[in-house]
Amino acid sequence: MMRFIDWFWRDRQTGRIVIAQRPNLWLWIFVAASLVELVTDATGPTGIGAHIVSTTSLLIWAGDEILRGANPWRRCLGIAVLIGLTIRLVLWCWR
């Protein structure tokens, strides 16, 4: 079990256990755009623009985690977010 924990959670560069990290630029953009989306009219140009920016930045963040995540846990987190975004897009197209 300890070998799995080391493999799945440990950062390959620092040797530390990494579950969460400080948000990077793309995650901060997602948070800011999501806040704008919350306080504006969702059907207006600002709300639509904020939605596009928040979704795009989250997509870039997920891709970055998949490609450069500190450990397998972070890569799985990126995959989970990418799957969630894909499901949301499919459901939006079907309505």
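Small disclaimer: the values here were computed from a predicted structure and weren't measured. (Residues numbered from 1 in each chain as written. Predicted model: local features only at pLDDT ≥ 70, side-chain atom pairs only at ≥ 80, totals over all residues. Heavy atoms only, no water.)

Brief notes about the nonpolar core
Phase 1 of the analysis: Counting 5 residues, the largest nonpolar core consists of L27, L58, W61, A62 and L85.
Phase 2 of the analysis: Per-element accounting of this core gives the leading share, 3 residues, to helix α3 (residues 45-68). (Core = buried A, V, L, I, M, F, W, Y, C linked by side-chain atoms within 4.5 Å. Buried < 20%, exposed > 50% of the residue type's maximum accessible area, 1.4 Å probe, protein only. Helix = DSSP H or I, 4+ residues; strand = E, 2+ residues; numbered from the N terminus.)

What about the packing of aromatic side chains?
Phase 1 of the analysis: Scanning the entire structure with this criterion turns up 6 aromatic pairs.
Phase 2 of the analysis: Between the aromatic rings of F4 and W7, the centroid separation amounts to 6.1 Å while the plane-to-plane angle is 40°, which identifies the pairing as tilted. Of this pair, F4 and W7 both sit in helix α1 (residues 2-9), 3 residues apart, which is roughly one turn of that helix.
Phase 3 of the analysis: For W7, a relative accessible area of 48% corresponds to the partly exposed category. (Phe/Tyr/Trp six-rings, centres within 6.5 Å; stacked < 30°, edge-to-face > 60°.)

Brief notes about the packing of α3 against helix α4 (residues 72-94)
Phase 1 of the analysis: Where α3 meets α4, the closest approach of the two axes is 7 Å, and the angle between their N-to-C directions is 145°. α3 and α4 meet at a crossing whose hand is left-handed. Contact residues: α3 offers H51, T55, L58, L59, W61, A62, E65 and I66, while α4 offers R74, R75, L77, G78, I79, V81, L82, L85 and R88.
Phase 2 of the analysis: When the residues that make up the contact of α3 with α4 are grouped by side-chain class, the tally is 10 nonpolar, 3 polar and 4 charged. (Axes fitted to C-alpha atoms, helices over the stretch in contact; angles between N-to-C directions. Left-handed = near helix turned anticlockwise from the far one by under 90°. Contact = heavy atoms within 4.5 Å. Nonpolar A, V, L, I, M, F, W, Y, C, P; charged D, E, K, R; others polar.)

Some points on the side chain of D11
Phase 1 of the analysis: Tracing the backbone shows D11 in the loop between α1 and α2 (25-39).
Phase 2 of the analysis: Buried within the structure, D11 lacks any salt-bridge partner; R16 is the closest side chain of opposite charge, at an N-O distance of 5.8 Å.
Phase 3 of the analysis: Within the structure, the side chain of D11 is placed 2.8 Å from the backbone nitrogen of Q13, a separation counted as a polar contact.
Phase 4 of the analysis: Among all residues touching D11, those that are not within four sequence positions of it are R16, V18, A70 and N71. (Lys, Arg positive; Asp, Glu negative; His and termini not counted. Salt bridge = Lys/Arg side-chain N within 4 Å of Asp/Glu carboxyl O. Polar contact = N/O pair within 3.5 Å; in protein donor to acceptor, adjacent residues only side chain to side chain.)

Overview of α4
Phase 1 of the analysis: Counted at 1.5 Å a residue, the expected span for α4 with its 23 residues is 33 Å, and the 33 Å between its end C-alpha atoms agrees.
Phase 2 of the analysis: Among the residues of α4, those classed as buried are P72, R74, G78 and L85.
Phase 3 of the analysis: Residues of α4 that are buried in the fold lie against α1 and α3. (Expected span 1.5 Å × (residues − 1).)

Digging into the pattern of salt bridges
Phase 1 of the analysis: One pass over the structure, following the stated rule, counts 3 salt bridges.
Phase 2 of the analysis: For the salt bridge of R10 with D6, the shortest nitrogen-to-oxygen distance reads 2.9 Å.
Phase 3 of the analysis: Accessibility expressed as a relative area gives 33% for D6, which makes it partly exposed.
Phase 4 of the analysis: Measuring nitrogen to oxygen at the nearest pair gives 3.0 Å for the salt bridge that ties E65 to R74. Grouping residues by exposure puts E65 and R74 together as buried.

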